[in-house]
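# Summary of structural features
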Protein chains: 2
Amino acid sequence: MKKTDNDLKILRHSAAHLVAHAVLELYPDTKLTIGPATEEGFFYDFLPKQTFKEEDLPKIEERMLEIANRNYPITHREISKEEARKLYHNNPFKLELIDGIEGDTVGLSCQGDFCDLCRGGHVESTGQLKHVKLLAVAGSYWRADRTKQALQRIIGTAFFTEKELNDFLTQREEAAKYDHRKIGKQLDLFSFHEEGPGFPFFHPRGKKVLNILVNYMRHLHDKYNYQEVSTPTMLSDELWKRSGHYAHYKNNMYFCTIDERNFAIKPMNCPGSILIYKSRPRSYRELPLKLAEFGHVHRHELSGVLHGLLRVRAFTQDDAHIYCTVNQIEQEVTTLIKIIKDLLKVFGFDNIQIALSTRPENAMGSQELWNTATAALSDALKNAKCEFTIAEGEGAFYGPKIEFVIQDSMGRSWTCGTIQVDFMNPENFDLTYTSSAGTKERPVMIHQAIYGSLERFFAILLEHFKGQLPFWLSPTQIRILTISDSQNEYAKKIEAILKENGLRVEIDDSSDQINSKIKNAQLEKIPWMIVLGQKEADAQTVSVRYLDGKQKMGIKIEELVDQANKLKVF
Amino acid sequence: MKKTDNDLKILRHSAAHLVAHAVLELYPDTKLTIGPATEEGFFYDFLPKQTFKEEDLPKIEERMLEIANRNYPITHREISKEEARKLYHNNPFKLELIDGIEGDTVGLSCQGDFCDLCRGGHVESTGQLKHVKLLAVAGSYWRADRTKQALQRIIGTAFFTEKELNDFLTQREEAAKYDHRKIGKQLDLFSFHEEGPGFPFFHPRGKKVLNILVNYMRHLHDKYNYQEVSTPTMLSDELWKRSGHYAHYKNNMYFCTIDERNFAIKPMNCPGSILIYKSRPRSYRELPLKLAEFGHVHRHELSGVLHGLLRVRAFTQDDAHIYCTVNQIEQEVTTLIKIIKDLLKVFGFDNIQIALSTRPENAMGSQELWNTATAALSDALKNAKCEFTIAEGEGAFYGPKIEFVIQDSMGRSWTCGTIQVDFMNPENFDLTYTSSAGTKERPVMIHQAIYGSLERFFAILLEHFKGQLPFWLSPTQIRILTISDSQNEYAKKIEAILKENGLRVEIDDSSDQINSKIKNAQLEKIPWMIVLGQKEADAQTVSVRYLDGKQKMGIKIEELVDQANKLKVF
């Protein structure tokens, strides 16, 4: 029988109990807290007498397998809270958990002489937990709250079969090899510094790639009639109260005081865009009005989850807001789906999963408005000939949305591309336009992001392409390598021609040997090397060596330019 | 005899006494504070019983002229502090001033029965003060400190001759007519909102112009081997302590707390650039290393001095830092002077004044280092065939600098372009490079800014060009106006050709009459209008109407593209 996602979750939650069981056998003084399944496996947070180290993991893992081999049946029963409090009288974490559970009883799951508080959902016996692997130890906090007790987290994973586990570990190894943080350092693209945790510094080559991503998006803006704006980094907190961010997002925002007045550093660009919309009366003739912004936003993340460019505290969104009528949603979203799919394809992401999230229970706006908007999104997806799934009830409370999930070259999934209909902000900010009949009407807003975060998209690309960006995205596209100084003049001539044609080119006329020049260019992942010897200078041709080792000898410079132009994306 | 700047300062300071004299005669209960000369005139801060209004100014001005006609001799004498304290026993401001003056005596200047505390420097009699004009009233604070007594400021100006005064008033009127804040609103370029005082919002057309300014600078970066980087908006305050900003600039900075640690929102980009320099070891082969950044910085300004885009609290610098050896300064600065002069010329600023500021008394770094660096700047100016003045002792304490002052079309002066040598930061941050001999050496930093603040430069351009930006800078360069719907298809064809050639073009195919279409395009200052009737559609030509009213009929589209290409700046 095919295993479902839920089966896997149950397996992994059982594996979390298994690690707790093993830890208690090895370190009986340890206090248990919680151990949930996660996206990629499970973890368990402990308060041990000593600090767990990476080198303790094999021993714990060995004991886990031993317990698995003992093949204990796993039982589950409900016990009274009173009984549970007795059982955990010296574990304040479990006592707090017991207090937090509704009703008079709590669940207890047992295997052999090990028991743990538990809501239920387990495999039948420890014998089913043989394909487990411990992956890391990390610091954590009780209730993920820095002001509370520091804990030790053991992170692991579990699968149904050995093959699945091995595939996962191979992919993980592969991903580690092409970790964008490693590539970023090797290629001198960006850095992080203790002076700004979670705030990336972009070095010349990294900034070049970001600029290309921005320019490509601007090219699409021009093509599809988006207009770029820019709004301030800080705005007064009254605005964020009105937008609802203060009530729902305050803990992820940074604040600042000016002249005794509170300002928030923007976590999103919408309120700024809305102030521009409201800066003068709007007519139906202007709709759909598409205002785009490369907005630099700050959002708090716990220091423990910061992860290179994938998880930062400041990033640039390719944000846009479409102000339109309800009737225009379908047309606008159809175009937008096309833009997103075309863009993702350009980066080699062909395998795209699309989900349409519909009305949740606590939604705002009438059922009729929701029906119209959801049908518009659904029709737009059909217009664009997209297969999609329905995520029933998973829309935001202020409108339905479409999400695009891509798969990278290592099989990992990333959400890139969101289309969010919004009935709330137009209400909150009393947005209006004058209709053709002269009446004041309320527009709808559509929020869109395609790259999402430019920084994160850059990281995904680096890992997806394993550091070797496509020609059009490479910070340096061509390096000219001279065999001796006699070719320097010819090299400059070629450089000038290539630059004139908009190519990013540089010369290596150092005193290094040609082989070491080639090796350096390869290490720096420069797509094309032009090797210039006297033969080429005499014949006024060039020889090109590609990163994969292929070569083309004696080609004319115009041919080379043609070849490069064919790789142009915009 | 030619009057000097100092003579004018003396005249204006005397005019400040005159306004105080007039106010005391009209409002005897008023308390006097201070009244200095300023760049454009003078002001006097009062604590009156009532609030001065604009409509009070003519009466006060009339009284000033009356006192001028009385032609009182103006005398000056030193009196003991004791005597002065008696004189001002009921004026706490003057008493505070007296306490602040060194020595046992203070100066007193008198005309008729009016006396005022004063260091001296006056015209001989009130009869010389006939060309005065009161310009405005404003709120101010004692010692410019918001926590101290609120005062009333009367602002005015004075000149030696009636002609000078009239010229000034005409220029002022002209400037008011072309105030960039007015143009910004008319052309829908930007706005300010109560939710972010001093933080500009750029609308599509304004953002387009800013992007062109950025792209032009990037074009120069490529040409002159600058490399663009980007650094975080917030960095920890330890960094700002090390850089000296915390000690010298703290009151102009905004702060923010993350995880109980203090961060400053960057007022400058240098420390970020330095962290990138330090992110790996540097070799002499890399020098000069030119790192540029379009850095978005925040600097506090009092709310009273905020002035459109000219004085804001957040702006984008076209910043760059050259890391080089002392011996490379001359060559680098020579190139940089050329870049600055060429750029300013492109915007029509031909009248450029240049000043070289030399070693101040409290300088850091050896006399020898200063001599070398100052000579390098001076030689660079000579290499670039620039006339310049020496501002003796006016350099920053950490290095000599060159400043460029332009004159706009209304005769006003603006500092645009700074080259600042810096010995301090390389010391503070222990910057090094490995010399060809393998030793660790200290580089020099050169700070440069050409536009300075992009926002301020944009404001200067708007006023300089009186709202009519040159063709290459215009957000919309060409608008196609159809006479009837029959030309819509032809209009689209022309639009496509122009767009392909990189021109910013739009179509007005509304149902408006052609005359009203022309009028709209004129109001929006669109440089070229293409008027399309059936004649043009049949002949496959276009007629162009320029903003100055000139027209060209029946020209071919290729000709038009050629004409546009000739106006390209980059």
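Here the structure is a predicted model, which means the values were calculated and not measured. (Residues numbered from 1 in each chain as written. Chains lettered and ligands numbered in written order. Predicted model: local features only at pLDDT ≥ 70, side-chain atom pairs only at ≥ 80, totals over all residues. Heavy atoms only, no water.)

### Regarding the sheet that holds strand β15 (residues 314-324) of chain B
Residue and element names in this part refer to chain B. Pairing within the open sheet is mixed, and its eight strands lie in the order β10-β14-β15-β22-β19-β18-β16-β17. Edge positions in the sheet fall to β10 (227-228) and β17 (389-391), since each has one partner strand and no second. Of the pairings in the sheet, the one linking strand β18 (residues 401-407) to strand β19 (residues 413-422) comprises six bridges and is antiparallel in character. What sits directly across from V405, in β19, is T415. Across the face of the sheet, helix α10 (residues 270-277) comes into contact with β14 (289-298), β15 and β22 (444-453) while running at roughly 40° to β15. (Pairing = 2+ DSSP bridges. Helix = DSSP H or I, 4+ residues; strand = E, 2+ residues; numbered from the N terminus. Contact = heavy atoms within 4.5 Å. Axes fitted to C-alpha atoms, helices over the stretch in contact; angles between N-to-C directions.)

### Side note on the interface of chain A and chain B
Between chain A and chain B, the contact holds 55 residues from the first and 55 residues from the second. Summing both partners gives a buried area of about 4400 Å² for chain A against chain B, and 55% of it is carried by carbon and sulfur. Remark: the boundary between chain A and chain B carries 18 residue pairs in polar contact (both at pLDDT 80 or more). Ranked by residue count, the leading element in the side of chain A that touches chain B is helix α7 (residues 204-223) of chain A, at six residues. (Buried area = accessible area lost by both parts, 1.4 Å probe. Polar contact = N/O pair within 3.5 Å; in protein donor to acceptor, adjacent residues only side chain to side chain.)

### Digging into the confidence of the model for chain A
Confidence in the prediction for chain A averages 94 pLDDT; 100% of positions are at 70 or higher. Prediction confidence for the complex, expressed as pTM and ipTM, is 0.86 and 0.85 respectively. (pLDDT = per-residue confidence, 0-100.)

### With respect to the sheet that holds strand β4 (residues 105-111) of chain A
Residue and element names in this part refer to chain A. Here three strands make up an open sheet; going across it, the order is β3-β4-β5 and the pairing antiparallel. The two strands at the open ends of the sheet, each matched to only one other strand, are β3 (74-80) and β5 (114-117). Shown here is a sheet whose adjacent strand axes are inclined to one another by a mean of 30°, direction ignored. Where β4 and β5 come together, four bridges link them in antiparallel fashion. The residue of β5 that forms the bridge with C110 is C115. Along the sheet, helix α1 (residues 5-26) contacts β4 and β5; its crossing angle with β5, the most-contacted strand, is approximately 130°.

### Looking at the relation of the copies chain A and chain B
Between chain A and chain B, which share one sequence, the superposing operator has a rotation angle of 180° and an axial displacement of 0.1 Å; the RMSD is 0.3 Å. Between the two chains, the operation in question is that of a two-fold axis. Scanning chain A for the C-alpha nearest the rotation axis identifies C256 of chain A, at a separation of 2.7 Å. When the interface residues of chain A are mapped onto chain B, 100% of them are again interface residues, pointing to one common binding face. (Least-squares fit on C-alpha atoms with pLDDT ≥ 70 in both.)

### Some points on the environment of K499 of chain B
Relative to the helices and strands, K499 of chain B is located in helix α15 (residues 488-500). Those residues within four positions of K499 of chain B in sequence are excluded, and the remaining contacts are D222 of chain A together with V505 of chain B.

### Overview of the domain arrangement of chain A
On domain assignment, one finds that chain A holds domain 1 (5-172), domain 2 (180-464) and domain 3 (476-565). Taking only C-alpha atoms into account, the centre of domain 1 of chain A sits 38 Å from that of domain 2 of chain A. (Domains from an automatic or database assignment.)

### A short note on the packing of aromatic side chains
Applying the stated criterion across every chain yields a total of 50 aromatic pairs over all chains. When the ring of F263 of chain A is compared with that of F199 of chain B, the centres are 6.3 Å apart and the planes differ by 85°; the resulting orientation is edge-to-face. Taken together, the positions of F263 of chain A in strand β13 (residues 261-265) and F199 of chain B in the loop between β8 (190-191) and β9 (201-202) put the pair across two chains. You can call F263 of chain A buried: its relative accessible area is 1%. For the pair W472 of chain A and F570 of chain A, a centre-to-centre distance of 6.2 Å together with 90° between the ring planes defines the contact as edge-to-face. Residue W472 of chain A is located in the loop between α14 (454-464) and β23 (478-482), and its partner F570 of chain A is located in the segment after α18 (557-566); the two are separated by 98 residues in the primary sequence. For F570 of chain A, a relative accessible area of 36% corresponds to the partly exposed category. (Phe/Tyr/Trp six-rings, centres within 6.5 Å; stacked < 30°, edge-to-face > 60°. Buried < 20%, exposed > 50% of the residue type's maximum accessible area, 1.4 Å probe, protein only.)

### Some words on the pattern of salt bridges
When the charged atoms of two side chains with opposite charge come close together, those side chains can pair. Scanning all chains against the criterion turns up 77 salt bridges over all chains. A salt bridge links R313 of chain A to D259 of chain B; the shortest N-O distance between them is 3.1 Å. A residue pair is termed interchain when its members come from two chains, as with R313 of chain A in the loop between β14 (289-298) and β15 (314-324) and D259 of chain B in the loop between β12 (254-258) and β13 (261-265). By relative accessible area, D259 of chain B is classed as partly exposed at 28%. Salt bridges here are not isolated pairs; linked through shared partners, they connect E25, R63, E66 and R70 of chain A. (Salt bridge = Lys/Arg side-chain N within 4 Å of Asp/Glu carboxyl O.)

### Notes on helix α14 (residues 454-464) of chain B
Residue and element names in this part refer to chain B. Burial analysis of α14 places eleven of its eleven residues in the buried class, which makes it a mostly covered element. Buried within α14 are the following residues: L454, E455, R456, F457, F458, A459, I460, L461, L462, E463 and H464. Two to three positions downstream of the cap, the backbone nitrogen of E455 sits 3.3 Å from a side-chain oxygen, assigning the N-cap of α14 to S453. Taken from the residues just after α14, K466 is the one with a positive phi, measuring 50°.

### Structural notes on the packing of α7 of chain A against α14 of chain A
All names here are of chain A. It is at 11 Å that the axes of α7 and α14 come closest, and there the two elements cross at 110°. Between α7 and α14, the interaxial angle falls into the category roughly perpendicular. Contacts between α7 and α14 involve G206, V209, L210, L213 and V214 on the former and, on the latter, L454, F457, F458 and L461. Partitioned by chemical class, the residues of the contact of α7 with α14 number eight nonpolar, one polar and no charged. (Parallel < 35°, antiparallel > 145°, perpendicular 65-115°, else oblique. Nonpolar A, V, L, I, M, F, W, Y, C, P; charged D, E, K, R; others polar.)

### What about the state of the cysteines?
All names here are of chain A. One pass over the structure, following the stated rule, counts two disulfides over all chains. Put simply, C110 and C115 are joined by a disulfide, and their sulfur atoms are 2.0 Å apart. Torsion about the S-S bond of the C110 and C115 cystine: about 110°, corresponding to right-handed handedness. With a relative accessible area of 9%, C110 lands in the buried category. Lacking any disulfide linkage, C386 is separated from the closest cysteine sulfur, that of C416, by 16 Å. (Disulfide = S-S within 2.5 Å.)

### Looking at the side chain of S230 of chain B
Of note, S230 of chain B is situated in the loop between β10 and β11 (234-236). Look at S230 of chain B and you get buried, because its relative accessible area is 16%. Each residue touching S230 of chain B, except ones within four places of it in the same chain, is listed here: P200, F201, F202 and K207 of chain A together with I276 and E293 of chain B.

### Overview of helix α11 (residues 329-346) of chain A
All names here are of chain A. Between its first and last C-alpha, α11 extends 26 Å over 18 residues, near the 26 Å set by a 1.5 Å rise per residue. Within α11 the residues assigned to the buried category are I329, E332, V333, T334, T335, L336, I337, I339, I340, L343 and L344. G348 lies just past α11 and shows a positive phi near 85°. (Expected span 1.5 Å × (residues − 1).)

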